[in-house]
Amino acid sequence: MSTRHRPPVEARVYVPAPGEASDVEPVPAGDVTEGVVRVGGTIRRPHQPQSLAVAAYLDWLEDAGFEGAPRFLGRDAEGRDVLTFLAGECAGPVPEAWVQSEELLASVARLLRRLHTASAGFVPAAHPFPPRYTPPGAVSPEPAELVCHLDVTPQNVVVREGLAVGLVDFDLAGPATAFKDSFNTASHWAPLRDPADGWPGWEANDPFRRLRIFADAYGWTDAERHALPAFGIEAAALSYRRMEHNARVLGGGWARMWGEGVGGMIRRRGAWLEANADRFVDALTGR
Ligand SMILES: Nc1ncnc2c1ncn2[C@@H]1O[C@H](COP(=O)(O)OP(=O)(O)OP(=O)(O)O)[C@@H](O)[C@H]1O
Ligand SMILES: [Mg+2]
């Protein structure tokens, strides 16, 4: 439990303690947000439209006793968001061999489950999350069941002694469903990618086996296991339209990823899920 005084997120100012470390250290570059750095025991990130909604969510998680998320400490003299630095290792842009550990995979699923339990009841009333783009005609797969992370990639998980202990980078957090978040996480960690798009060094990986490990560790229901292929195919279609929209409208890192061919990769994922639908259900439900 925190005993520090916590002003409302919009009024919270970060004042370094006298003599506090001020060396700026780089962090591994992510996909979208530029200018993320570490300063002593803190992370500084550019302030963004969703920052206050994220900050209120991080406060809620702290009060709920969830230890696996940074704390929002306020904004610094440059206006940047200041968050606590979580010690440990995160994967680099191409996940290293150690990221393949099945114990790590199961611990990611358990950590996500704890996040969802801790998130229950949080209503982003004072600072709503900016709505995500939903293409015309798309059925929104995100009824506001609960606020969750929605970007639990290997690069956004903090690992200590081989186990997932923290989640960082809540930039895409917002209202969705627990299944959406856990599907999304599994698709990053199995990973659910056409083998043609696999990471170097991951060729021997069995995504069917890994998905089962994730499902068991998270606790997917039988209905969720059966729903997975259709859900994944629809999610890929929506993700394609969203990424295309973000690349065109927001530019920046989104446009760079689009230029690098992420659209084709999402399409191949959808086709691969469709081609292997029965195999996925068998892997998820077989004894
Ligand atoms: N609070 C934190 N504690 C420890 N490490 C962090 C923290 N925040 C960020 N990092 C490290 O810095 C890296 C980049 O930060 P972050 O994920 O927040 O930005 P990003 O990936 O560039 O943003 P985005 O995913 O929105 O494009 C992370 O992958 C992680 O290695
Ligand atoms: Mg990141």
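Everything quoted here is computed from the prediction, not taken from an experiment.

Turning next to the packing of helix α5 (residues 222–249) against helix α7 (residues 262–275). It is at 8 Å that the axes of α5 and α7 come closest, and there the two elements cross at 170 degrees. Between α5 and α7, the crossing angle belongs to the class labelled roughly antiparallel. Where α5 approaches α7, its residues G232, I233, A236, S239, Y240 and M243 are matched on the opposing element by V262, G263, I266, R267, G270, L273 and E274. Classifying every residue of the contact of α5 with α7 gives seven nonpolar, four polar and two charged.

Attention shifts here to the coordination of the magnesium ion (ligand 2). The magnesium ion (ligand 2) binds to the protein through N156 (OD1) and D169 (OD); the donor distances cover 2.2 to 2.3 Å. Highlighted residues: N156 in the loop between β6 (146–148) and β7 (157–160) and D169 in the loop between β8 (163–167) and β9 (174–176), separated in sequence by 13 residues. Accessibility expressed as a relative area gives 7% for N156, which makes it buried. Among the residues examined, D169 registers a relative accessible area of 22% and is labelled partly exposed.

This part takes up the layout of surface pockets. What the second largest pocket holds in volume is close to 220 Å³. Here the residues of the lining of the second largest pocket sort into eight nonpolar, two polar and four charged.

Turning to the environment of E102, a few remarks are in order. Locating E102 in the fold gives a position in helix α2 (residues 102–119). For E102, a relative accessible area of 28% corresponds to the partly exposed category. When the C-alpha positions of E102 and G166 are compared, they lie 17 Å apart, and in sequence the two are 64 residues distant. Discounting residues that sit within four places of it in the chain, E102 has contacts with R209, R210 and I213.

Rules and cut-offs
- Residues numbered from 1 in each chain as written.
- Chains lettered and ligands numbered in written order.
- Predicted model: local features only at pLDDT ≥ 70, side-chain atom pairs only at ≥ 80, totals over all residues.
- Heavy atoms only, no water.
- Axes fitted to C-alpha atoms, helices over the stretch in contact; angles between N-to-C directions.
- Helix = DSSP H or I, 4+ residues; strand = E, 2+ residues; numbered from the N terminus.
- Parallel < 35°, antiparallel > 145°, perpendicular 65-115°, else oblique.
- Contact = heavy atoms within 4.5 Å.
- Nonpolar A, V, L, I, M, F, W, Y, C, P; charged D, E, K, R; others polar.
- Donors = N, O, S within 2.8 Å, 3.2 Å for Na, K, Ca; no water.
- Buried < 20%, exposed > 50% of the residue type's maximum accessible area, 1.4 Å probe, protein only.
- 1 Å grid on protein atoms, 1.4 Å probe; cavity = no way out; pocket = protein on both sides within 12 Å on 5 of 7 lines; lining within 4 Å.
- Points joined across faces, edges and corners; volume = space filled by probe spheres on them.

All we've got here are geometric facts, nothing functional implied.
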